[in-house]
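# Observations on chain architecture
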Amino acid sequence: MKFTSKLPLPSADALKHSQQLIAKIRTAIDDNNGSISFRNYMEMALYEQGLGYYVAGARKIGRAGDFITAPEISPLFSQCLANKCLSILSKSKGDILELGAGSGIMAVDLMLELEQASSLPTHYYILDLSPELKQRQRETIKKHAPHLLSYFTWLDKLPESFEGVILGNEVLDAMPVELFTIHKERVYQHQVIWHNKQLTEQLNPAPKYLNNIVSNLNIDCTHSPYTSEINLNLDGWLKAISKSLSKGLIILIDYGYTAREYYHPDRKKGTLICHYQHHVNEAPLLYPGLQDITANVNFTAVAESADKAGLQVLAYTTQAAFLAANHLEKFFIRALEESPDDQYKLAQHVRTLSLPSEMGERFKVITLGKGHSNDLDEASSQVDQRHRL
Ligand SMILES: C[S@@+](CC[C@H](N)C(=O)[O-])C[C@H]1O[C@@H](n2cnc3c(N)ncnc32)[C@H](O)[C@@H]1O
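Residues numbered from 1 in each chain as written. Predicted model: local features only at pLDDT ≥ 70, side-chain atom pairs only at ≥ 80, totals over all residues. Heavy atoms only, no water.

### Notes on unusual backbone geometry
- Notably, S118 is not glycine yet its phi reads approximately 50°, a positive angle.
- Looking at the element boundaries, S118 is found in the loop between α5 (105-116) and β4 (124-127).
- Of the residues examined, S118 reaches a relative accessible area of 68% and is grouped as exposed.
- In this structure, N218 is a non-glycine residue whose phi angle is positive, near 50°.
- Within the element layout of this structure, N218 appears in the loop between α7 (208-216) and β10 (226-230). (Helix = DSSP H or I, 4+ residues; strand = E, 2+ residues; numbered from the N terminus. Buried < 20%, exposed > 50% of the residue type's maximum accessible area, 1.4 Å probe, protein only.)

This is the structure in structure tokens:
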């Protein structure tokens, strides 16, 4: 992954696609008296019907795409998650629901592991906002586990009443965020306007609701101007999930921090970044629809929204600790015995997933629940970090 200001040039077709989306964004700007919030812009850039980054045709996730996620790196990740699902579903019956399933590879590896343990759930539901990814998920399952295809059901909305385990890897970081800057004790909202024939960011005094929310964050702005972001979709999202979940657990894995770390005085440029063909950049208005825009997750805010939604926060830990508690070592040894020639590759996978300098500590796992006793491995030992939230 390279951090760069110089990006590879998109193809003519890709540019045309981006220009179509820009035309739609311009219409939204015109319809809204000349500006839209950055949050509206990000929503359109990622999810505008037929054109947004996640809903249009380009291959995004994986080595040939723009970024790579843990289940794409190694099946070991999904095998550990399967172990967690197994321990939960063996005590209380239920199904699995994956939110934002990407290429579908996590679903495949997880279900193959559950099959080996003779513990397949009746259903594996997938809910994704992206029609293109739904198609890709089906192809991945057909390719790697065709005999399991009948277990999968794609949903367009959350079920009325679900019992079991809900999983979401890197879903929270793909939600649109509000961008703000605090300068000389005043809060500004980042807006997007059309200026000099291009999309341009403009700072306007924040509307009252945003001003109040940001003021309540109590950020120490010693280093002013101070820019950061906030996910205002969290409350509604977790409320809807909680309403749908009659009994069970929600496991969300993502990169992020506690509120104290997120809004640390030194993090004065926030966490928003973009990925374009494995190049990281800080230009979210560039090539809308062609590049990923993402922000780190404030896990304290996730815990607070969960609490408001009537969910219990059962555990919070690092990815490294979660994987270790769910037998990463055992799965590694098994894979090594099955293919001794892959020793270097497998060891590299374990390092990438769990070293502090790689994904191990940057990624966190938060477990929320309803009607479930708190006997989770990560909660019962020293690896639980809920006190930090
Ligand atoms: C960064 S990708 C991660 C994909 C996959 N989980 C992985 O780890 O490779 C984010 C995914 O979340 C989906 N997504 C974003 N918001 C969502 C929501 N509110 N409900 C369901 N899926 C969502 C996107 O369509 C996309 O598939």
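### So, the packing of aromatic side chains
- Inspection of every chain in the model, using the stated rule, returns 12 aromatic pairs.
- Taking the centre distance of 5.0 Å and the plane angle of 45° together, the rings of Y124 and F152 count as tilted. A residue pair is termed long-range when its members are at least 10 positions apart, and Y124 in strand β4 and F152 in strand β5 (residues 152-155) qualify at 28 residues. The pair formed by Y124 and F152 is uniform in burial state, with each residue classed as buried.
- Ring plane angle 45° and centroid distance 5.5 Å describe the contact between F299 and Y316, whose orientation is recorded as tilted. A residue pair is termed long-range when its members are at least 10 positions apart, and F299 in helix α10 (residues 299-308) and Y316 in strand β16 (residues 312-318) qualify at 17 residues. When sorted by exposure, F299 lands in the same class as Y316, which is buried.
- Joined through ring pairs, the aromatic side chains of F180, Y257, Y262 and Y263 make up one cluster.
- Residue placement shows R267 over the ring face of Y257; its charged tip is 3.9 Å from the ring centre. (Phe/Tyr/Trp six-rings, centres within 6.5 Å; stacked < 30°, edge-to-face > 60°. Lys NZ or Arg CZ within 6 Å of the ring centre and 35° of its normal.)

By themselves, these are just geometric observations and shouldn't be taken as functional.
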